Amino acid sequence: MNLYEEASSIVKRLSLEEKCKFCCGIDFWETFGIEKFNIPSIMLCDGPHGLRKEDPENFMLISTKVVKSTCFPTATALASTFDEKLINRMGKALGEECRKEDVAVLLSPGINIKRLPICGRNFEYFSEDPYLSGKMGAALIKGIQSKGVAACIKHFAANNQEKYRMTVNSIIDERALREIYLKGFEIAIKESNPWSVMMAYNKLNGHYCSENKYLIQSVLRNEWNYKGCITSDWGGVNNIISSINNGLNIEMPGYKDDYYKVLQNAVKNNDINEEILNKSVSRVIELILKYKEGKKIPYKCNFQEHINLAEEIAESSAVLLKNDDNILPGNKLQNIGIIGRLAKEPVYQGLGSSNVNPNTIDNAYDAFINNNCNIHYADGYSLKNDEIDELLVKESIEIAKNKDIVYLFVGLPKYYEAEGYDRKNLKLPNSHNNLVYEISKINKNLVVILQGGSVMEMPWSHIPKAILLTHLSGCRGGNATVNLLLGKKNPSGKLSETYANKLEDYPSMRFYPGDKDNLEYRESIFVGYRYFDSTKIKVKYPFGFGLSYTTFQYSNMKVRYNNKNNIEVSITITNSGNMEGKEVIQLYISCLNSKLFRAKQELKGFKKINLMPKESKEVTFILDEDCFTYYNIQTNKFEVEEGQYAINIGSSCRDIKYSTVINKKGSNVKTPDYKGKSPVYYELYKKELNPSKLEFENIYGKELPIATNPPYPFTMNSTINDIKNAYGGNLIISAINKKAYKVINGDKLMEITVRESLNDQPFRLMVMATRGAISRKSVLGFVDLLNKHYVKGLLQILRNTKRL
Ligand code: BGC
């Protein structure tokens with residue numbers, strides 16, 4: 001009997017009430033358990049870059065009452081390593097920390113595509129490219145699960161911005177959906193079989209993801225044959241009855257007295273077929289059984305080893321963007337100026353549910369001292385505000401004088417990147433930008449170290465001699481940075497997202513933020529480098545780019561068919577410089593004579609290798625049919641189009657070293673052609689992409705929806721803003737806001753989140769926001785009141801609200 005069968009046999013012995021209890025959490029983090037069957041309640045915890053096990057009493061987002069754990073670099077950095085083995089080791093370390101804390105499910109990884117450079121959560125996501133995202137996700141998942149702990153891949157799918165994330169309908173044409181937004185999930189799920197999947201908050205093409213039949217049943221279960229447990233995002237269930245009917249297995253979080261009863265009544269009223277409920281419960285119990293089995297796997301949790309690993313990842317992820325005159329590596333005998341508060345107080349992780357309480361945290365300033373460097377330091381700016389402080393600038397100028405080299409630390413301060421709200425733009429604070437200009441007037445040997453989890457504009461990039469991007473680099477980012485600056489380690493990270501020159505260059509920005517209901521992905525498949533390469537728009541730093549202290553030569557590209565009729569591509573790489581170093585060899589495929597609109601090229605392989613000076617290695621890629629496919633919306637399949645394909649090998653998407661053209665036979669089907677109706681998608685080489693509504697509708701295949709939530713009558717999905725014009729609406733809004741600010745109690749992240757997004761939240765979120773103090777029934781009562789059912793509403797509220 002396999003575990004699913006075992007789970008199903010247990011389900012047969014459960015009462016209806018017990019079964020329903022398994023389909024929602026018993027609190028914020030735990031599932032139901034049942035002793036008589038030896039089924040424990042298990043715990044699910046964030047998060048992607050370190051374990052975040054919360055104190056159940058704790059309300060704040062930046063928690064101090066969270067168990068201490070190793071804080072690893074965030075996903076942007078992980079993807080920039082282009083090193084699956086390394087990320088797999090991190091997964092193992094995460095698994096070990098979960099085991100130590102008896103956490104059964106780690107809510108990790110988040111692999112949503114970085115469609116918009118300003119998405120507040122981009123630091124938590126790997127890349128703009130689905131192949132890289134999928135591969136990194138798979139590596140992490142395999143590591144976590146090898147320790148007997150479930151990974152929970154999230155957020156499925158198309159949750160690509162924070163603004164309106166709880167209500168918005170992401171409108172995406174099927175081809176873009178399959179090739180871009182689902183592809184990373186497909187790769188990771190097929191390759192690593194995560195034991196759970198988290199559905200996203202938003203709607204996708206008209207239906208909330210947590211009740212989206214297409215996503216859950218057609219794609220996940222039927223096409224991908226996914227067998228794990230499907231959970232909601234926290235507070236992401238719109239209607240639990242519809243969710244269970246469409247295949248969701250568990251709603252998280254849940255609250256003891258309220259949630260399961262809805263299900264119980266629904267089964268009694270035949271709104272849910274008990275067989276469907278049984279399947280959901282079986283999946284939840286199977287997950288619990290998997291963890292019970294997993295616990296038999298021996299493990300040890302050595303925090304020091306994990307911290308060292310965090311350092312290794314940080315080193316491997318940093319991207320050297322510029323290094324004129326080989327100013328780097330510096331050496332410790334130099335007379336060194338260090339400027340910038342971030343050198344002492346780094347921004348090393350993003351905010352929100354992934355925010356961990358690190359067991360240790362270092363900084364670059366101390367690391368320079370530990371290396372016995374002769375340093376002179378100035379703050380340069382305050383991290384309390386973004387204003388230029390002339391006094392601090394003056395001090396910095398003094399420090400910069402007569403130094404052999406100046407390391408200037410700039411970046412996105414703490415509250416710039418967070419779950420819950422997007423960035424306003426890609427700019428660094430004025431006070432940081434200003435320093436680059438001011439210090440460069442005093443000292444030409446200027447090296448900028450850039451901290452941040454996502455794309456930043458660098459209007460000054462022509463000025464410093466070197467720029468090292470260190471991302472949000474976790475608990476050992478300081479040591480890692482200094483090891484790289486002093487040449488103890490050689491940078492080998494490559495950009496996992498395009499650094500365009502300016503925000504307006506990203507085509508998705510034209511349709512941002514949509515409105516609270518609808519968000520059109522009109523740019524279709526043209527995301528990230530797929531767009532920039534196709535239009536040939538100049539970018540600041542391209543996808544895949546990153547320098548090294550050594551140099552690499554590419555030679556001898558060979559393409560041949562192996563005995564499985566797959567294409568084997570090999571190339572020789574030589575370290576032609578003087579220092580040991582790592583190179584990431586990237587393989588892109590480009591269809592040269594497509595009848596479709598297609599991106600100029602797509603990443604289909606990468607390998608990271610280490611080479612000693614003068615050493616050469618041959619690397620080989622095996623290309624299967626998948627590498628050449630596009631998604632055919634008429635056959636609903638990935639198909640190969642007959643034609644010529646260039647196989648490009650390079651060290652970034654804009655630095656292709658070798659290219660070979662091959663012919664490929666295609667599947668014998670007609671390719672959909674929109675050239676006549678929507679030429680804009682075919683003409684990127686001529687002009688920037690700005691499709692009209694009609695042009696997008698043509699490829700979307702139907703008319704675009706208009707707002708689906710009319711403001712009246714109000715529903716659980718009406719937002720606080722929606723009631724502005726209702727009778728007494730403004731009073732209610734101000735009362736809610738007032739209460740929220742009172743609860744904040746000095747938590748700055750909550751304050752900003754409330755300011756930026758409280759009024760966009762649907763009423764149903766109140767339950768989670770108050771951790772159950774306001775029950776679902778009282779919110780329903782509140783909605784009744786708004787709809788002028790005063791007595792009914794008032795009674796519901798009085799009966800069901802605990803004291804806050
Ligand atoms: C986030 C998830 C997270 C969950 C639990 C949600 O708000 O979107 O990524 O795992 O909270 O903290």
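- Per an unreviewed UniProt entry, the protein goes by Fibronectin type III-like domain-containing protein and derives from Terrisporobacter othiniensis.
- Looking at the Sequence similarities (unreviewed entry) heading of the UniProt record, one finds this comment for the protein: "Belongs to the glycosyl hydrolase 3 family."

## Some points on the state of the cysteines
No. 1: A complete count under the given rule lists zero disulfides for this structure.
No. 2: You can see C45 has no disulfide; the closest cysteine sulfur is in C98, sitting 7.2 Å from it.
No. 3: On the basis of relative accessibility, which here comes to 0%, the residue C45 falls in the buried class.

## What about a nonpolar patch on the surface?
No. 1: Taken together, the side chains of Y727, Y790, V791 and L795 define a hydrophobic patch exposed on the protein surface, amounting to about 510 Å² of accessible area.
No. 2: On the secondary structure map, L795 appears in helix α23 (residues 790–800).
No. 3: Relative accessible area serves as the criterion here: at 39%, L795 is assigned to the partly exposed category.

## Notes on unusual backbone geometry
No. 1: The peptide bond linking D46 to G47 adopts the cis configuration, its omega dihedral lying at 5°.
No. 2: In this chain, F156 is followed by A157 through a cis amide linkage whose omega measures 5°.
No. 3: Mapping A157 onto the fold places it in the loop between β4 (150–156) and β5 (169–171).
No. 4: For N38, which is not glycine, the phi torsion reads 60° and is therefore positive.
No. 5: Here N38 is to be found in the loop between α2 (16–22) and β1 (44–45).
No. 6: Residue class for N38 comes out exposed when judged on its relative accessible area of 52%.

## Some points on the sheet that holds strand β7 (residues 203–204)
No. 1: On the basis of which strands lie adjacent, the open sheet formed by four strands has the order β8-β7-β5-β18 and mixed pairing. The open sheet has two free edges, formed respectively by β8 (207–208) and β18 (518–520), since each of these has just one partner strand.
No. 2: In the sheet, β7 pairs with β8 via two bridges, with the strands oriented antiparallel. Bridged to L204 within β8 is H207.

## With respect to helix α14 (residues 390–400)
No. 1: Those residues of α14 lying buried are L392, V393, S396, I397, I399 and A400. Each buried residue of α14 sits inside an arc of 160° when the element is viewed along its axis, so together they form one side. For α14, the exposed residues lying more than 90 degrees away from the buried face are E390, L391 and K394.
No. 2: In this structure, the buried side of α14 is in contact with β11 (335–339), β13 (374–378), β14 (405–411) and α15 (430–442).
No. 3: At the N-terminal boundary of α14, the capping side chain belongs to D389, with an oxygen 3.0 Å from the backbone nitrogen of L391.
No. 4: Just beyond α14, the residue with positive phi is N402, at close to 55°.

## Some details on the site of the ligand
No. 1: Near the ligand there are 13 residues, and of these D46, R121, H155, Y201 and D233 occur at the shortest range.
No. 2: In this structure, an oxygen atom belonging to the ligand sits 2.4 Å away from a side-chain N or O atom of D46.
No. 3: Measuring from an oxygen atom of the ligand, one finds a side-chain N or O atom of R121 at 2.6 Å.
No. 4: Coverage of the ligand by the protein chains reaches 94% of its 310 Å² of free accessible surface.
No. 5: Taken together, the residues that form the shell around the ligand break down as five nonpolar, two polar and six charged.

Definitions and limits used
- Residues numbered from 1 in each chain as written.
- Predicted model: local features only at pLDDT ≥ 70, side-chain atom pairs only at ≥ 80, totals over all residues.
- Heavy atoms only, no water.
- UniProt positions renumbered as here; feature names shortened; annotations may be inferred.
- Disulfide = S-S within 2.5 Å.
- Buried < 20%, exposed > 50% of the residue type's maximum accessible area, 1.4 Å probe, protein only.
- Patch = residues over 30% accessible without salt bridge, like charges linked within 9 Å, V, L, I, M, F, W, Y side chains within 5 Å.
- Areas by Shrake-Rupley, 256 points an atom, 1.4 Å probe, with all protein chains shown as cover.
- Salt bridge = Lys/Arg side-chain N within 4 Å of Asp/Glu carboxyl O.
- Helix = DSSP H or I, 4+ residues; strand = E, 2+ residues; numbered from the N terminus.
- Pairing = 2+ DSSP bridges.
- Arc of directions from axis to C-beta.
- Contact = heavy atoms within 4.5 Å.
- Polar contact = N/O pair within 3.5 Å; in protein donor to acceptor, adjacent residues only side chain to side chain.
- Near = heavy atom within 4 Å.
- Nonpolar A, V, L, I, M, F, W, Y, C, P; charged D, E, K, R; others polar.

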